[in-house]
Amino acid sequence: MKIVFMGTPDFAVPSIKALYDAGHDIQAVFCQPDKPKGRGYKLVPPPVKVFALDKDIPIYQPKSLKNGGEEFIKVIEDLAPDCIVVAAYGKILPKAVLDIPRLGCVNVHGSLLPKYRGAGPIQWAVLNDEKTTGITTMLMGEGLDTGDMLLKCETEIGENETAAELFDRLADMGAELIVETLDKLEKGEISPVPQNEEEATYAPMLTKDLSPIDFTKSARAVHKQICGLSDWPCASTTIGGKRIKVYRSEIVAGSTTKAAGTVVNVKDLTIACGDGMVKLTEIQAEGSKRMATADYLRGKPVAEGTVLGE
RNA sequence: CGCGGGGUAGAGCAGCUUGGUAGCUCGUCGGGCUCAUAACCCGGAGGUCACAGGUUCAAAUCCUGUUCCCGCAA
């Protein structure tokens, strides 16, 4: 099948790879322009571009497909793909593009639609302590993740699973599902199902405003905040006035009478919460790298009675 | 040239300002105590202090260059 692939970040790589390995003819790849990233603002190509370069697939990185993107639309028209596959591309596709492929534009989305439409479905599912989430493939409409659904695949969210880990798992699941979706779509074996607008929720991109930990919340809420924000932007707090980021935690059974935020156990950084306790298991100090809490404590022991976040 | 921190024993750090025998916590090895232990006590091994050059009687420490890593910001 002739496919134009649109996607940008790591999440999209397993999908394009799976399509490539399945023998589809990937005519072209569209991704976001290279962006200045990291130290020194070096221009970094998005992961999908790296893959495309490796496979000698033509790459297009338009700033926009709407304004001034006509030439790119023409490129797609000339390629006349059977299908356009979109995975975390990061741009809205105009109707002029949506109408080109014979089979339509198929999107791989990291949630069980209609819940968690938007840019941050995976992280928000973790933050909200969902028991399960999954992948939905859909025919793209003009709205944001509003198209008719094709196939779904569900998975449980682990008790201590971070958004980053779930992200990787869902990326792989999405890859499998997109291949299956195209296969069945071509054979006419799928009946698109409209989304129930009543149940729709929106999962916006995460911001650092979500980072500070409020230990007066329940241990479970704190724990899920830590999981959901890892690896980025990360839950944060302070030890002795210095900021630390928390990558992993575990809920500790039992209760304490200590005030929220107090270190209950200086050996493993168990912290009192509004209800219950959490153990911070992987953290990162300013200017340092992330490491297991045990390693951190060897170099920078925490005094008895220390209160985090002060 | 966006701002900043750092490379010291297997791990995490201190020491550098005010040059003068390499230190802490943990791990590891051996021994001891104990019914027992991630407990405690005693002892040992393990480091060209990132690399190169300079200053000096003497450099982990001061100066210069190189390189690698990381945080912020995007």
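Under an unreviewed UniProt entry, the name given to chain A is Methionyl-tRNA formyltransferase, and the source organism is Ruminococcus albus 8. Per its UniProt entry, chain A bears the Function (unreviewed entry) comment "Attaches a formyl group to the free amino group of methionyl-tRNA(fMet). The formyl group appears to play a dual role in the initiator identity of N-formylmethionyl-tRNA by promoting its recognition by IF2 and preventing the misappropriation of this tRNA by the elongation apparatus." Per its UniProt entry, chain A bears the Catalytic activity (unreviewed entry) comment "L-methionyl-tRNA(fMet) + (6R)-10-formyltetrahydrofolate = N-formyl-L-methionyl-tRNA(fMet) + (6S)-5,6,7,8-tetrahydrofolate + H(+)".

Trainee: Which parts of the structure should I look at to understand the overall build of chain A?
Mentor: Along chain A, the regular secondary structure elements total eight helices and 15 strands. Dimensions of chain A, computed from the C-alpha atoms along their principal axes, are close to 70 × 45 × 35 Å. When the 310 residues of chain A are sorted by exposure, 48% land in the buried category. Across chain A, contacts joining residues at least 24 apart in sequence account for 64% of those joining residues at least 6 apart. A total accessible area of about 14,800 Å² is found for chain A, and carbon and sulfur atoms account for 51% of it. Across chain A, the mean location of the 36 positive side-chain charges is 7 Å away from that of the 43 negative side-chain charges.

Trainee: I'm lost on the packing of aromatic side chains in this one. Help?
Mentor: Each aromatic ring pair is described using two quantities: the centre-to-centre distance and the angle formed by the ring planes. Taken as a whole and judged by the stated rule, the model has five aromatic pairs. With a centroid separation of 5.9 Å and an interplanar angle of 90°, the aromatic rings of Y20 and F51 are classed as edge-to-face. Here the residue Y20 occupies a position in helix α1 (residues 13-21), and F51 occupies one in helix α2 (residues 47-54), the gap between them amounting to 31 residues. Since its relative accessible area comes to 33%, Y20 is described here as partly exposed. A relative accessible area of 10% places F51 in the buried class. On the numbers, 5.1 Å between centres and 25° between planes, the contact of F30 with Y60 is stacked. Residue F30 is located in strand β2 (residues 25-30), and its partner Y60 is located in strand β5 (residues 59-60); the two are separated by 30 residues in the primary sequence.

Trainee: Sorry, what's going on with helix α7 (residues 219-229) here?
Mentor: What sets the pattern is the α-helix's 3.6 residues per turn: residues three or four places apart point alike. With nine of eleven residues buried, α7 lies mostly within the body of the structure. If you check which residues of α7 are buried, you get A219, V222, H223, K224, Q225, I226, C227, G228 and L229. Contact partners of the buried residues in α7: α5 (121-127), α6 (163-186), β10 (235-239), β11 (242-252) and β14 (277-285).

Trainee: Explanation requested: a nonpolar patch on the surface in the structure shown.
Mentor: Together, I92, L144 and Y202 make up a nonpolar patch on the protein surface, roughly 310 Å² of accessible area in all. One can find Y202 in the loop between α6 and α7. Overall, the relative accessible area of 55% leaves Y202 in the exposed class.

Trainee: Explanation requested: the UniProt feature "domain: Formyl transferase N-terminal" (unreviewed entry) in chain A in the structure shown.
Mentor: As annotated by UniProt and renumbered to match this structure, "domain: Formyl transferase N-terminal" (unreviewed entry) occupies residues 1-182. The span residues 1-182 is 32% helical and 25% strand by assignment, and the distance between its end C-alpha atoms comes to 9 Å.

Trainee: So what exactly am I meant to see when it comes to the UniProt feature "binding site: (6S)-5,6,7,8-tetrahydrofolate" (unreviewed entry) in chain A here?
Mentor: Within this numbering scheme, the UniProt entry marks S111, L112, L113 and P114 as carrying the feature "binding site: (6S)-5,6,7,8-tetrahydrofolate" (unreviewed entry). Relative to the helices and strands, L112 is located in the loop between β7 (105-109) and α5. Apart from residues no more than four positions distant in its own chain, L112 is found in contact with T132, T133, G134, I135, T136, K152, C153 and E154. Structurally, L113 is set in the loop between β7 and α5. Once you skip the residues sitting within four places of it in the chain, L113 turns out to touch T136, M138, D145, M149, K152 and Q195.

Trainee: Just checking my understanding: could you explain the sheet that holds strand β6 (residues 83-87) for this structure?
Mentor: Across a sheet, paired strands are connected by hydrogen bonds in the backbone, their directions being either parallel or antiparallel. Judged by pairing direction, the sheet is mixed, and its seven strands sit side by side in the order β5-β2-β1-β6-β7-β8-β9 without closing on themselves. Edge strands, defined here as strands with exactly one partner in the open sheet, are β5 and β9 (149-156). When β6 meets β7, the two strands line up parallel, connected through four bridges. Residue pairing for β7: A87 is matched across the bridge by V108. The sheet contacts of α6 involve β1 (2-7), β6, β7, β8 (132-139) and β9, and relative to β9 the element is tilted by about 150°.

Trainee: I tried to follow a negative patch on the surface on my own but got confused; where do I start?
Mentor: A contiguous patch of negative charge on the surface is contributed by D10, D168, D172 and E176. Counting through the fold element by element, D168 comes out in helix α6.

Trainee: Looking at this model, I keep getting lost on the nonpolar core. Mind explaining?
Mentor: Soluble globular proteins tend to bury their nonpolar side chains together. Among the nonpolar cores identified, the biggest contains 65 residues, and F5, L269 and L280 are the most heavily contacted of them. Counting residues per element, this core draws most heavily on α6, which supplies nine residues. Both of domain 1 (2-199) and domain 2 (208-299) provide at least three residues apiece to this core. Not counting the four nearest positions on each side in its chain, F5 is found in contact with A12, S15, I16, L19, I26, A28, V29, F30, V48, V85 and A87. Core analysis: the next-biggest nonpolar cluster, separate from the first, contains 15 residues, M6, A28, F30 and V86 among them.

Cut-offs and rules
- As a convention, each chain's residues are numbered from 1 in the sequence order in which they are written.
- Chains carry letters and ligands carry numbers; both start at the beginning, A for chains and 1 for ligands, and go up in the order they are written.
- Local features are withheld for residues below a pLDDT of 70 in this predicted model, meaning they are given only at 70 or higher, and side-chain atom pairs are given and counted only at 80 or more; totals for whole chains, interfaces and linings count all residues.
- The side-chain numbers reported here are obtained from all heavy atoms of the structure, hydrogens and water having been left aside.
- UniProt positions are given in the numbering used here, feature names are shortened, and annotations may be inferred rather than shown by experiment.
- We count a stretch as a helix when DSSP gives it H or I for four or more residues in a row; a strand needs E for two or more, and each element gets its number in order from the N terminus.
- Here the term buried applies to any residue with accessible area under 20% of the maximum for its type, exposed to any over 50%, and partly exposed to those in between, with areas from a 1.4 Å probe on protein chains only.
- Only heavy atoms enter the contact rule, under which two residues are in contact if any of them lie within 4.5 Å.
- Only the protein chains shown count as covering a residue, and every accessible area follows the Shrake-Rupley method with a 1.4 Å probe.
- Here the positive residues are Lys and Arg and the negative ones are Asp and Glu; neither His nor the chain ends is included.
- Just so you know, the charge point we use is NZ for Lys, CZ for Arg, CG for Asp and CD for Glu.
- Any two of the Phe, Tyr and Trp rings considered here, Trp counted by its six-membered ring, make a pair once their centres fall within 6.5 Å; the pair's planes then place it as stacked at under 30 degrees, edge-to-face at over 60, or tilted in between.
- Excluding any residue in a salt bridge, patches collect residues exceeding 30% relative accessible area, merging like charges within 9 Å and nonpolar Val, Leu, Ile, Met, Phe, Trp and Tyr side chains within 5 Å.
- What makes a salt bridge here is a side-chain nitrogen of Lys or Arg within 4 Å of a carboxyl oxygen of Asp or Glu, nothing more.
- In this description, strands pair whenever DSSP reports at least two bridges between them.
- In this description, a line fitted to the C-alpha atoms serves as the axis of each element, helices being fitted only across the stretch in contact, and the angle between N-to-C directions of two axes falls anywhere from 0 to 180 degrees.
- Residues enter a nonpolar core if they are buried and are Ala, Val, Leu, Ile, Met, Phe, Trp, Tyr or Cys, with the set joined through side-chain atoms within 4.5 Å.
- For the domains described, the bounds stem from an automatic or database domain assignment.

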